[in-house]
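Chains, contacts and geometry: an overview
The residues making up each chain are set out below.
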Amino acid sequence: MSDQDERPENPLRKELPDEVPVSERRPEPTAPKQPEPQPHPQPQPRIRPQLPRDPAPQAAPVPEPEPTPEPGGTAEPESEAAEPRLTGRQRLAAGLWPPRLTRAQFIVALLLFGLGFGLAIQVASNSDSDSALRGARQEDLVRILDELDDRTQRLEDEKQGLEKQREELQSSSDQAAEARKQTAEKEKQLGILAGTVAAQGPGITMTIDDAKGTVESDMLLDAIQELRAAGAEAIQINGVRVVANTYLTDSGKTVSVDGNKIAAPYRFKVIGKPQDLEPALNIPGGVVQTFEKEQATVSVERSDKIVVDALRQAKQPDYARSSSR
């Protein structure tokens with residue numbers, strides 16, 4: 001027996017097909033190798049929010065233009081972008097308050113404020129005086145100018161008189177007698193001003209009738225000052241001589257002059273140039289109009305002879321002495 005007869009048949013060989021000889025096999029075609037493609041990043045899908053469907057189509061609102069960001073700036077958060085933009089006035093207020101002032105700036109601002117306040121007061125006072133003259137009539141303005149001219153002429157006459165006295169003293173042969181004569185005349189003049197000597201001359205008489213008791217001491221003092229400015233040389237009120245140191249006070253419904261009580265009607269005797277004294281009292285906004293506003297009656301009369309006979313006792317000064325040798 002041969003070896004083939006002795007070996008048992010393998011059942012698996014019957015099931016497998018016969019092998020094809022190597023020579024009869026066809027080579028399988030091979031595809032050329034291509035470079036593997038680089039994976040590209042896939043764009044992430046955008047998730048579109050699902051909007052609720054309206055029952056009826058409506059017009060879409062026009063979106064507001066967003067402010068363009070400045071170059072180099074950072075994007076503002078949504079909370080700041082939603083805030084309203086400030087107006088010019090609001091930005092100005094935010095820049096001015098709270099103030100950021102240094103000490104030097106504060107001092108300069110304080111000085112400028114004081115300067116402006118002083119200028120405003122000066123302008124207001126000038127405008128008040130100008131308005132009083134602006135509202136005056138032409139006749140009143142002419143009278144005021146004449147009064148100023150008279151005052152200038154009076155001062156010029158006084159200057160010429162003093163110069164004449166100096167020349168007489170220098171040219172007189174008997175200088176001692178001339179000096180005594182001028183000294184006596186000067187003493188009389190000073191006595192009239194001081195109230196120690198009686199005086200008489202042309203002037204006016206002013207009577208103030210205060211039936212309702214509304215006249216006060218400051219009104220009478222204003223009248224005295226106005227008369228002095230108009231050239232009054234001697235003044236007497238109800239028997240009381242008015243001098244340089246005269247004072248007036250209110251005493252209930254009456255007025256006291258140097259401690260002497262006087263009652264209405266108040267009678268002024270004034271020596272001076274009547275053409276200057278009367279217009280000074282009747283100027284717009286002057287003494288007469290002031291008393292009439294208080295429902296007092298004022299009457300002014302000119303006279304060629306006014307006698308002021310009320311006297312004051314001369315007081316010996318305690319400390320002042322004459323400097324002449």
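Every value quoted in this text rests on a predicted model; they were computed, and no experiment measured them.

A regular strand carries its side chains on alternate faces of the sheet. Where strand 4 (residues 248-251) and strand 5 (residues 254-257) come together, 4 bridges link them in antiparallel fashion. From the neighbouring strand, S251 faces strand 5, where its bridge partner is T254. The hairpin formed by strand 4 and strand 5 contains 2 residues between the paired strands, and G252 there has a positive phi angle of roughly 70°. Note: strand 5 against strand 6 (residues 260-262), 3 bridges, orientation antiparallel. Bridge pairing in strand 6 places V255 opposite I262. In sequence, strand 5 turns back onto strand 6 through a hairpin of 2 residues, with D258 there showing a positive phi of about 55°.

Another aspect to go through is helix 8 (residues 217-229). Counted at 1.5 Å a residue, the expected span for helix 8 with its 13 residues is 18 Å, and the 19 Å between its end C-alpha atoms agrees. All buried positions along helix 8 are accounted for by S217, M219, L220, A223, I224 and L227. With its buried residues spanning 165° around the axis, helix 8 presents them on a single face. Backbone geometry just after helix 8 places G231 at a positive phi near 105°.

Locating R241 in the fold gives a position in strand 3 (residues 240-242). Despite its burial, R241 pairs with no opposite charge, the nearest such side chain being D309 at 7.3 Å. At 2.7 Å, the side chain of R241 forms a polar contact with the backbone oxygen of A310.

On to the pattern of salt bridges, then. Tallied over the entire structure, the rule returns 4 salt bridges. Taking the shortest distance from any N to any O, the salt bridge between D276 and R154 comes out at 3.5 Å. A residue pair is termed long-range when its members are at least 10 positions apart, and D276 in helix 9 (residues 274-281) and R154 in helix 6 (residues 138-171) qualify at 122 residues. Between E278 and R302 there is a salt bridge, and its shortest N-O distance comes to 2.3 Å. Of the two residues, E278 is situated in helix 9 and R302 in strand 8 (residues 297-308); the sequence distance between them amounts to 24 residues. Relative accessible area serves as the criterion here: at 47%, R302 is assigned to the partly exposed category.

On inspection of all chains with the given rule, the structure shows 1 aromatic pair. Ring geometry for F113 against F117: centres 6.4 Å apart, planes inclined by 20°, an arrangement best described as stacked. Taken together, the residues span about one helical turn, with F113 and F117 both in helix 5 (residues 103-134) at a distance of 4 residues. Looking at F113, the relative accessible area reads 57%, which means it is exposed.

Spatially, 3-2-7-1-8 is the arrangement adopted by the 5 strands of the open sheet, whose pairing is antiparallel. The open sheet is flanked by strand 3 and strand 8, the only strands paired with a single partner. Strand-to-strand twist across the sheet, computed as the mean angle between neighbouring axes with direction ignored, equals 25°. As defined by bridge partners, strand 1 (residues 199-209) adjoins strand 8 across 10 bridges and the pair is classed as antiparallel. In the strand pairing of strand 8, T205 is matched with E301.

A negative phi angle is the norm for most residues apart from glycine, just as the trans form is the norm for most peptide bonds. Look at the link from A264 to P265: it is a cis peptide, with omega at 0°. Along the chain, the position of P265 falls in the loop between strand 6 and strand 7 (266-271). In this model, N238 sits at a positive phi of 50°, which is unusual for a non-glycine residue. Take N238: it is sitting in the loop between strand 2 (234-237) and strand 3. The phi dihedral of Q295 falls on the positive side, at around 65°, and the residue is not glycine. Inspection of the secondary structure assignment puts Q295 in the loop between helix 10 (287-293) and strand 8.

Packed helices, taken two at a time, are described by the angle their axes make and the gap between the axes. Relative to each other, helix 6 and helix 9 sit at 140°, their axes nearing to 10 Å. Classified by the angle their axes make, helix 6 and helix 9 are oblique. For helix 6 against helix 9, the interelement crossing comes out left-handed. Note on element contacts: helix 9 touches helix 6 through D276, P279 and A280, opposite R143, E147, D150 and R154.

To continue, consider the pairing of strand 1. Note that strand 1 and strand 7 share 6 bridges and pair antiparallel. Following the sheet pairing, T205 is matched in strand 7 by K269.

The next subject is the nonpolar core. Counting 30 residues, the largest nonpolar core has I208, L220, L227, I235, F268 and F291 as the members making the most contacts within it. Looking at this core, the elements that each hand over two or more residues are strand 1, helix 8, strand 2, strand 3, strand 5, strand 7, helix 9 and helix 10. Counting residues per element, this core draws most heavily on helix 8, which supplies 5 residues. Here I235 is in contact with I224, L227, R228, V240, R241, V242, F268, K269, V270 and V308, once residues within four sequence places are set aside. One finds A199, A234, I271 and V308 within the second-largest nonpolar core, a separate group that totals 5 residues.

Definitions and limits used
Chains are numbered independently. Their residues run from 1 in the order of the written sequence. Per-residue local features of the predicted model are confined to residues with pLDDT of at least 70, and side-chain atom pairs are confined, for both listing and counting, to 80 or more; whole-chain, interface and lining totals are unaffected and use all residues. Values shown for side chains rest on all heavy atoms present in the structure; no hydrogens or waters enter the calculation. Pairing between strands requires that DSSP locate at least two bridges from one strand to the other. Each helix is a run of H or I in the DSSP string that is no shorter than four residues. Each strand is a run of E no shorter than two, and both are numbered from the N terminus. Here the expected length of a helix is defined as 1.5 Å per residue gap, with one fewer gap than residues. Working definition: with a 1.4 Å probe on protein chains only, accessible area under 20% of the residue-type maximum means buried, over 50% means exposed, and in between means partly exposed. What the arc covers is the set of directions going from the helix axis to the C-beta atoms. His is not counted, nor are the chain ends; Lys and Arg add positive charge and Asp and Glu add negative charge. We define a salt bridge as a contact between a side-chain nitrogen of Lys or Arg and a carboxyl oxygen of Asp or Glu at a distance within 4 Å. We define a polar contact as two N or O atoms separated by no more than 3.5 Å, with the added condition that, inside protein, one atom must be a possible hydrogen donor and the other a possible acceptor, whereas residues neighbouring each other in sequence contribute only through side-chain atom pairs. Only the six-membered ring of Trp is used, alongside the rings of Phe and Tyr, when aromatic pairs are assigned; centres must lie within 6.5 Å, and planes under 30 degrees apart are stacked while those over 60 apart are edge-to-face, with the rest tilted. Comment: axis = line fitted to C-alpha atoms, over the contacting stretch for helices; angle = value between 0 and 180 degrees taken between N-to-C directions. Here the angle decides the label: under 35 degrees means roughly parallel, over 145 means roughly antiparallel, 65 to 115 means roughly perpendicular, and every other value means oblique. By convention the crossing between two helices is left-handed if the near helix lies anticlockwise of the far one by an angle smaller than a right angle, and right-handed if it lies clockwise. The contact definition used throughout considers only heavy atoms, calling two residues in contact when any of these lie within 4.5 Å. Throughout, nonpolar core names a set of buried Ala, Val, Leu, Ile, Met, Phe, Trp, Tyr and Cys residues whose side chains join them through atoms within 4.5 Å.

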